[in-house]
Amino acid sequence: MGIAAFVIQKIPYIIMPFIKSASNPIMNMQNEMKWIETIEGILGMLSMILLMLIVRDDVKLFPITTTKDKAFFALTVFMILINFVGWTFYYWGYQYGWLIVIGQFAVVLLYYLCFGLWKRNYLLVGTAALFFIIHTINGFMNFIMKK
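Quantities reported herein were computed from a predicted structural model and do not represent experimental measurements. (Residues numbered from 1 in each chain as written. Predicted model: local features only at pLDDT ≥ 70, side-chain atom pairs only at ≥ 80, totals over all residues. Heavy atoms only, no water.)

Participant: Got a sec to walk through the nonpolar core? Specific residues and values, please.
Facilitator: In this structure, L51, Y111, Y112, F115 and L124 are the most contacted members of the largest nonpolar core, which totals 24 residues. Listed by contribution, the elements that provide at least two residues to this core are α2 (34-53), α3 (67-91), α4 (97-118) and α5 (122-143). Here this core takes 9 residues from α4, the largest share from any one element. Once residues within four sequence positions are removed from consideration, L51 is found in contact with G2, A5, F6, Y112, F115, N121 and L124. Residues I26, W87, Y91 and V101 belong to the second largest nonpolar core, which totals 10 residues. (Core = buried A, V, L, I, M, F, W, Y, C linked by side-chain atoms within 4.5 Å. Buried < 20%, exposed > 50% of the residue type's maximum accessible area, 1.4 Å probe, protein only. Helix = DSSP H or I, 4+ residues; strand = E, 2+ residues; numbered from the N terminus. Contact = heavy atoms within 4.5 Å.)

Here it is, written out as structure tokens:
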């Protein structure tokens, strides 16, 4: 399930070469603070490892039996849908700072965080929460403060 969650989140990047966008500020982003880029990279790798390699024996493959399971699954789906809507606007040329920070930076990590809560992968929840903070700050610094 973790690999599927990862691939689903990467769909906008998979189709990116086929989209003729006038500009691509996310892929052309230059971080002025290299330490934040390093921390982001470490937290990102750790989150992906925990997403794909932590599988609990006591959690079903697709748990949606309890109210908690349903809520976290719904939030996971909601976060990835917000991300896809954000990418759609991005590809249409609506590349505004707040839209990028929310649609491409923040909700991706909230997607992983909600997925971790849904699958009871609490190590992923912890790293995704830290990654969310650092990644969103980085997006804020690059797309809102620089404007």
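That shown, we press on.
Participant: Please set out the environment of F89 residue by residue, giving values where relevant.
Facilitator: In this fold, F89 is placed in helix α3. For the pair formed by F89 and T127, sequence separation is 38 residues and the distance between their alpha carbons is 28 Å.

Participant: Go over the packing of α3 against α4, please, and point to the residues and values.
Facilitator: When two helices pack together, their arrangement is given by the angle between the helix axes and the distance between those axes. Running from amino to carboxyl end, α3 crosses α4 at an angle of 160°, the nearest separation of the two axes being 8 Å. Regarding the angle of α3 to α4, the classification is roughly antiparallel. Read as a crossing pair, α3 and α4 show a hand that is left-handed. Class assignment of the residues belonging to the contact of α3 with α4 gives a composition of 19 nonpolar, 5 polar and 1 charged. (Axes fitted to C-alpha atoms, helices over the stretch in contact; angles between N-to-C directions. Parallel < 35°, antiparallel > 145°, perpendicular 65-115°, else oblique. Left-handed = near helix turned anticlockwise from the far one by under 90°. Nonpolar A, V, L, I, M, F, W, Y, C, P; charged D, E, K, R; others polar.)

Participant: Describe the side chain of N24, and please don't skip the residues or the numbers.
Facilitator: The topology assignment puts N24 in the loop between α1 (2-15) and α2. On the accessibility criterion, N24 (19% relative accessible area) is buried. There is a polar contact of 2.5 Å between the side chain of N24 and the side chain of Y90. Excluding its chain neighbours within four sequence positions, the residues that come into contact with N24 are M16 and Y90. (Polar contact = N/O pair within 3.5 Å; in protein donor to acceptor, adjacent residues only side chain to side chain.)

Participant: Can you tell me about the packing of aromatic side chains, naming the residues and giving the values?
Facilitator: Applying the stated rule across the entire model yields 12 aromatic pairs. Seen from their ring centres, Y90 and Y91 are 6.0 Å apart, and the 65° between their planes marks the pair as edge-to-face. Taken as a pair, Y90 and Y91 share a single burial class, namely buried. Note on Y94 and Y96: the rings are 6.2 Å apart at their centroids and 50° apart in plane angle, and the pair reads as tilted. In textbook terms, an aromatic cluster arises when at least three aromatic residues are bridged by ring pairs, as seen for Y13, W87, Y90 and Y91. (Phe/Tyr/Trp six-rings, centres within 6.5 Å; stacked < 30°, edge-to-face > 60°.)

Just distances and angles here, no functional claims.
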